[in-house]
Amino acid sequence: DQQVKQNSPSLSVQEGRISILNCDYTNSMFDYFLWYKKYPAEGPTFLISISSIKDKNEDGRFTVFLNKSAKHLSLHIVPSQPGDSAVYFCAARRGGTSGSARQLTFGSGTQLTVLP
Amino acid sequence: ETGVTQSPTHLIKTRGQQVTLRCSSQSGHNTVSWYQQALGQGPQFIFQYYREEENGRGNFPPRFSGLQFPNYSSELNVNALELDDSALYLCASSLYAGIGEQFFGPGTRLTVL
């Protein structure tokens, strides 16, 4: 049972345009969401996060939107740059303080390619 | 500030063998989590260690075990290796008390033949 889904395995956009990466989740107990990006031969790098009490969080070129009723979040990158080409993972965490609660549940990732 | 480091980088084992992977957490972090990432998949939670004790476990059999040491470094041990254990093993460190994000190491690529 995949609790976090990224239905697009890949996405290509032109440099300077907007990249929109999507993520859906099924577990209503998730209350914190994160995006990580991963380059080959490196571990995932934290990008941006959002708490379930918010619907938007912005950090420079990166904005994450959360629609709780639809159990959907998206990552917008504007403007996209060739260096943004990487695999992007959506992750979610339940509330609570136990280790099981604090585990991250990941989607399967979206390969973003930004074309110069 | 030192980031998360893992060793070895790559490892090749045969079915039935045992393997130990190592992780040094980021400076100041007291919690270590281990994840398995199969090809084409996202990372899957194996377990978490806090103050040298297991503090949560994912859906992995008991032949996956771990340790955390007083300096917060950690080991992942896998016994009776199976072909499906071939994956990238990621270690992530974090501050337990905070809602903070987990910081990942570069991973160990394990191949089981």
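In this text the structure is predicted, and so the values were computed from the model without any measurement.

(A) View of the sheet that holds strand S8 (residues 72–77) of chain A. All names here are of chain A. Judged by pairing direction, the sheet is antiparallel, and its five strands sit side by side in the order S1-S3-S8-S7-S6 without closing on themselves. Here the strands that pair on one side only, and so sit at the sheet edges, are strand S1 (4–5) and strand S6 (56–59). Examined bridge by bridge, S6 and strand S7 (residues 62–67) share four bridges and lie antiparallel to one another. Each bridged residue has a counterpart across the sheet, and for Asp59 the counterpart in S7 is Phe62.

(B) Local environment of the packing of aromatic side chains. On inspection of all chains with the given rule, the structure shows 13 aromatic pairs over all chains. Seen from their ring centres, Tyr36 of chain A and Phe104 of chain B are 5.3 Å apart, and the 90° between their planes marks the pair as edge-to-face. With Tyr36 of chain A in strand S4 (residues 30–38) and Phe104 of chain B in strand S10 (residues 103–104), the pair connects residues from two separate chains. The same class applies to Tyr36 of chain A as to Phe104 of chain B, namely buried. Here the aromatic rings of Phe89 of chain A and Phe106 of chain A are separated by 6.2 Å at their centres, their planes lie at 85°, and the arrangement is edge-to-face. Here Phe106 of chain A lies in strand S10 (residues 105–106) and Phe89 of chain A lies in strand S9 (residues 86–94), a separation of 17 residues in the sequence. For the pair formed by Phe89 of chain A and Phe106 of chain A, the shared burial category is buried.

(C) Quick peek at the sheet that holds strand S8 (residues 74–78) of chain B. Residue and element names in this part refer to chain B. Sheet architecture is open: four strands sit in the order S1-S3-S8-S7, paired in antiparallel fashion. The open sheet is flanked by strand S1 (5–7) and strand S7 (64–68), the only strands paired with a single partner. This sheet shows a mean twist of 20° between the axes of neighbouring strands, independent of strand direction. With five bridges joining them, strand S3 (residues 19–24) and S8 adopt antiparallel strand pairing. In the sheet register, Arg22 faces S8, and the bridge partner there is Glu75.

(D) Quick peek at the state of the cysteines. All names here are of chain B. Inspection of the entire model under this criterion finds two disulfides over all chains. Shown here is the disulfide that connects Cys23 with Cys91, its sulfur atoms set 1.8 Å apart. Taking the sign of the S-S torsion, about -55° here, the bridge from Cys23 to Cys91 comes out left-handed. One end of the pair, Cys23, is in strand S3; the other, Cys91, is in strand S9 (residues 87–94), with 68 residues separating them in the sequence. Given the relative accessible area of 0%, Cys91 is considered buried.

(E) Quick peek at the pairing of strand S5 (residues 44–50) of chain B. Residues and elements named next belong to chain B. Here S5 lies mainly inside the structure; six of its seven residues are buried. Relative to S5, strand S4 (residues 31–37) runs antiparallel, the two sharing six bridges. When the bridges of S5 are listed, Ser33 appears paired with Gln48. In textbook terms, the turn of a hairpin is the stretch between consecutive antiparallel strands, and for S4 and S5 this stretch comprises six residues, one of which, Gly40, has a positive phi near 80°. For S5 and strand S6 (residues 53–57), the ladder comprises three bridges, and the chain directions are antiparallel. By the bridge assignment for S6, Phe47 is matched with Arg57.

(F) Up close: unusual backbone geometry. Cis geometry is found at the peptide bond from Val78 of chain A to Pro79 of chain A, where omega equals -10°. In this model, Ser7 of chain B is joined to Pro8 of chain B through a cis peptide bond whose omega is -10°. Along the chain, the position of Pro8 of chain B falls in the loop between S1 and strand S2 (10–13). Residue Ala41 of chain A is not a glycine yet carries a positive backbone phi of 65°. Along the chain, Ala41 of chain A turns up in the loop between S4 and strand S5 (45–51). Judged by its relative accessible area of 73%, Ala41 of chain A is exposed. We note that Arg51 of chain B has phi near 50°; this positive angle belongs to a residue other than glycine. Structurally, the position occupied by Arg51 of chain B is in the loop between S5 and S6. What makes Arg51 of chain B exposed here is its relative accessible area of 61%.

Calculation criteria
- Residues numbered from 1 in each chain as written.
- Chains lettered and ligands numbered in written order.
- Predicted model: local features only at pLDDT ≥ 70, side-chain atom pairs only at ≥ 80, totals over all residues.
- Heavy atoms only, no water.
- Pairing = 2+ DSSP bridges.
- Helix = DSSP H or I, 4+ residues; strand = E, 2+ residues; numbered from the N terminus.
- Phe/Tyr/Trp six-rings, centres within 6.5 Å; stacked < 30°, edge-to-face > 60°.
- Buried < 20%, exposed > 50% of the residue type's maximum accessible area, 1.4 Å probe, protein only.
- Axes fitted to C-alpha atoms, helices over the stretch in contact; angles between N-to-C directions.
- Disulfide = S-S within 2.5 Å.

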